[in-house]
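# Observations on chain architecture
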Amino acid sequence: MSYYKKLKTELTGAADAGIITAEQADRVWERSYADRPFASFKAAHLIAAVSGLFIALGLILVVSYNWDKIGEAAKMGAFLLLFAGAAEAAIRLEDKPAAAIPLETLWFFMPALGIGLYAQIFNLSGDPVRPYLVWAALSAPLAVLSKRPLAAYFCSILLFAVLYWGTLGSTNMLSLTAGRGAAAQPFWHWPLALIVLGSGFALYPGKPLGKPLGAGIIWLFLLLAADTAIKVRSEALLLLAGMSLAVLWLTWGSEEKESVLGPLTAWTGAVYAMTFFWHYKPGYSHGASETAPYGAMITWGAFAGALITLAIRKQPLLPEGKMEDYLAKGLLAASMLCAFLLFDANEGSAMILAVIANLILAAFGAGCIISGSKSSDEKLINRGILIITLTAVTRFVDIFGSLLKSGVAFIITGLAFAALAYFINQGRKALIGAAKK
């Protein structure tokens, strides 16, 4: 059951019990449901947006077919008239979504067509990122002024895509990576990249910022791992940075129940990846001596910030109960502290790290099942069972995988997994049934 369906059920039950009136229940429901980013965006609007995209593509095909027959001034003049006409029509028909949405979609994509047209007419070439930044700048007024969130989503996604592509490349005005044998990029690239990042945040519509926060955190981690001025080459520091950033995203990017899934998946995936240090073999790797000072500062700052956040904020890992809160905060802290086992790591310390990561996942899964049973949350119960099952199956393959050398062994293993799936499903149904009583 989704969050909004469950809220509707609870409000209806409260109204039936006389706790609130039916009118109050309807008002609370409408107020909560209207806060969704796409609350006013219906299926017909999606079709309208697609129609606007197809109109833009059709115009491109028609013009390209007759390209050689049109003069340069006529090309630019016709484009500017179309651009102004689309903008004017979108403004005038703003209160009619069936017409305004395709026009706004056309309005958003037309700057890209105009930039390409201008470059082709005058045979321009240069920085590959600049046209996209110009496109975002020309589309920003539409994103800010439109009553609908569609253009704002488009513009925010465009800015984040350009941020990733530009900063992780090495031949454009946003480049932050040095490239093979190349000198460090100019300092002014950094403030420009931060401006693009901030613009992506500012234009993102809606109150929950979990998605842009996650995009920014992943971008920062990629910069730490890449050859930039903040590079981190110590395995322990890189793991510490990754886990700390995952905890920060989880605790700050989960303001609403429906925004938990992304950061929760990132944190769970990071802990799950640590379980594979079971196979760690010491070898040559870049050490802390090659880590940039700014990279080390960011890593330790993220770690300190994550610890402070755990102390002052309620965590969303296990949302029910005081004991669950203590358990979840302990698991989040332990997931970060595991990285310290990689300093001067050997096979023994890496094995201990993998064992602790497995215990963290097992404890988290058990906590989800217990918390879900208390709160009658079917999704939480299913999440706990999924985590425990995935961990158990992975470790089984790790330990006994080398014994699977014959067809009979595979058949026996398959039958064992089938039996495990049956009993797990029966247990899941029993837990859900008991929680609903």
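Residues numbered from 1 in each chain as written. Predicted model: local features only at pLDDT ≥ 70, side-chain atom pairs only at ≥ 80, totals over all residues. Heavy atoms only, no water.

## Digging into the overall build of the chain
Each helix and strand counted, the chain has 16 helices and zero strands in total. Per-residue burial over the chain gives 40% buried out of 437 residues. For the chain, restricting intrachain contacts to residue pairs at least 6 apart in sequence, the fraction spanning at least 24 positions comes to 68%. A total of about 23,400 Å² of accessible surface is found on the chain, and carbon and sulfur atoms cover 69% of it. (Helix = DSSP H or I, 4+ residues; strand = E, 2+ residues; numbered from the N terminus. Buried < 20%, exposed > 50% of the residue type's maximum accessible area, 1.4 Å probe, protein only. Contact = heavy atoms within 4.5 Å. Areas by Shrake-Rupley, 256 points an atom, 1.4 Å probe, with all protein chains shown as cover.)

## Looking at the pattern of salt bridges
A complete count under the given rule lists two salt bridges for this structure. Lysine 231 is paired through a salt bridge with aspartate 227; the nearest N and O atoms lie 3.7 Å apart. Taking the relative accessible area as the measure of exposure, lysine 231 reaches 23% and is therefore partly exposed. Accessibility expressed as a relative area gives 32% for aspartate 227, which makes it partly exposed. Among the salt bridges present, the one from aspartate 325 reaches lysine 329, with a minimum N-O distance of 3.7 Å. (Salt bridge = Lys/Arg side-chain N within 4 Å of Asp/Glu carboxyl O.)

## Section: the packing of helix H9 (residues 210-225) against helix H10 (residues 235-252)
Between H9 and H10, the shortest axis-to-axis distance is 10 Å and the interhelical angle comes to 170 degrees. The orientation of H9 with respect to H10, classified from their angle, is roughly antiparallel. In this structure, H9 contributes Gly210, Leu213, Gly214, Ile217, Ile218, Leu220, Phe221, Leu224 and Ala225 to the contact, and H10 contributes Leu238, Ala241, Gly242, Leu245, Leu248, Trp249 and Trp252. A class-by-class count of the residues in the contact of H9 with H10 yields 13 nonpolar, three polar and no charged. (Axes fitted to C-alpha atoms, helices over the stretch in contact; angles between N-to-C directions. Parallel < 35°, antiparallel > 145°, perpendicular 65-115°, else oblique. Nonpolar A, V, L, I, M, F, W, Y, C, P; charged D, E, K, R; others polar.)

## Observations concerning the confidence of the model for the chain
Put simply, the chain has an average pLDDT of 77, and 70% of its residues get 70 or more. Below a pLDDT of 50 lies the segment residues 37-41, which in the model reaches nine contacts outside its immediate sequence neighbourhood of four places, other chains included. (pLDDT = per-residue confidence, 0-100.)

## Focus: the side chain of serine 335
Relative to the elements of secondary structure, serine 335 occurs in helix H13 (residues 322-337). Relative accessible area serves as the criterion here: at 0%, serine 335 is assigned to the buried category. Polar side-chain contacts of serine 335 include one of 3.1 Å to the side chain of tryptophan 267. Among residues more than four places away in sequence, those in contact with serine 335 are Met243, Val247, Trp267, Val271, Met274 and Ile360. (Polar contact = N/O pair within 3.5 Å; in protein donor to acceptor, adjacent residues only side chain to side chain.)

## Details of the environment of threonine 299
Here threonine 299 is to be found in helix H12 (residues 293-312). Take threonine 299: its relative accessible area is 0%, and that puts it in the buried class. A C-alpha to C-alpha distance of 8.0 Å links threonine 299 and serine 244, two positions 55 residues apart in sequence. Not counting the four nearest positions on each side in its chain, threonine 299 is found in contact with Val232, Leu237, Leu240 and Ala241. A polar contact is formed between the side chain of threonine 299 and the backbone oxygen of glycine 295, at a distance of 2.9 Å.

## A look at the packing of H10 against helix H11 (residues 261-274)
For the pair H10 and H11, the least separation of the axes is 8 Å and the interaxial angle reads 155 degrees. Considering the angle they form, H10 stands roughly antiparallel to H11. In this structure, the crossing between H10 and H11 has a hand that is left-handed. For the pair H10 and H11, contact is made by Leu239, Met243, Ala246, Val247, Trp249 and Leu250 and by Gly262, Pro263, Leu264, Ala266, Trp267, Ala270, Val271 and Met274, respectively. A class-by-class count of the residues in the contact of H10 with H11 yields 13 nonpolar, one polar and no charged. (Left-handed = near helix turned anticlockwise from the far one by under 90°.)

## Notes on the packing of aromatic side chains
The geometry of an aromatic ring pair comes down to the distance between the two centres and the angle between the two planes. One pass over the full model with this rule turns up 15 aromatic pairs. Between tyrosine 132 and tryptophan 135, the ring centres sit 6.4 Å apart and the planes meet at 40 degrees, which makes this aromatic pair tilted. Separated by three residues within a single helix, tyrosine 132 and tryptophan 135 lie in helix H6 (residues 130-145), roughly one turn from each other. Of the aromatic side chains, those joined through ring pairs into one cluster are Phe108, Phe109, Tyr132, Trp135, Phe154 and Trp165. Arginine 313 extends its terminal NZ or CZ atom over the ring of tryptophan 252, reaching a point 4.1 Å from the ring centre. (Phe/Tyr/Trp six-rings, centres within 6.5 Å; stacked < 30°, edge-to-face > 60°. Lys NZ or Arg CZ within 6 Å of the ring centre and 35° of its normal.)

## Concerning a nonpolar patch on the surface
Residues Trp300, Leu337, Phe340 and Phe343 make up a contiguous nonpolar surface patch of roughly 350 Å² in combined accessible area. For phenylalanine 343, the position within the fold is in the loop between H13 and helix H14 (347-375). (Patch = residues over 30% accessible without salt bridge, like charges linked within 9 Å, V, L, I, M, F, W, Y side chains within 5 Å.)

## A word on H6
For H6, which comprises 16 residues, the first-to-last C-alpha distance of 24 Å matches the rise-based estimate of 22 Å (1.5 Å per residue) to within 8%. By the largest-angle criterion, serine 139 marks the main kink of H6, which is about 35 degrees, and a proline, proline 141, follows within four residues. Every buried residue of H6 is listed here: Leu133, Trp135, Ala136, Ser139, Leu142 and Ala143. (Expected span 1.5 Å × (residues − 1). Bend = angle between axes of the 7 residues up to and from the residue.)

## Some points on the environment of leucine 342
Considering the arrangement of structural elements, one finds leucine 342 in the loop between H13 and H14. As for leucine 342 and phenylalanine 277, which are separated by 65 residues in sequence, their C-alpha atoms are 9.9 Å apart. Non-local contacts of leucine 342, meaning those with residues more than four positions away in its chain, are made with Glu235, Ala236, Leu239, Phe277 and Leu353.

## Here's the deal with the nonpolar core
The biggest cluster of nonpolar side chains holds 78 residues, and the ones touching the most others in it are Leu239, Trp267, Val271, Met274, Phe277, Leu317 and Phe364. Top contributing element to this core by residue count: H10, with twelve residues. Excluding residues within four positions of it along the chain, phenylalanine 277 makes contact with Leu239, Leu342, Ala350, Met351, Leu353 and Ala354. (Core = buried A, V, L, I, M, F, W, Y, C linked by side-chain atoms within 4.5 Å.)

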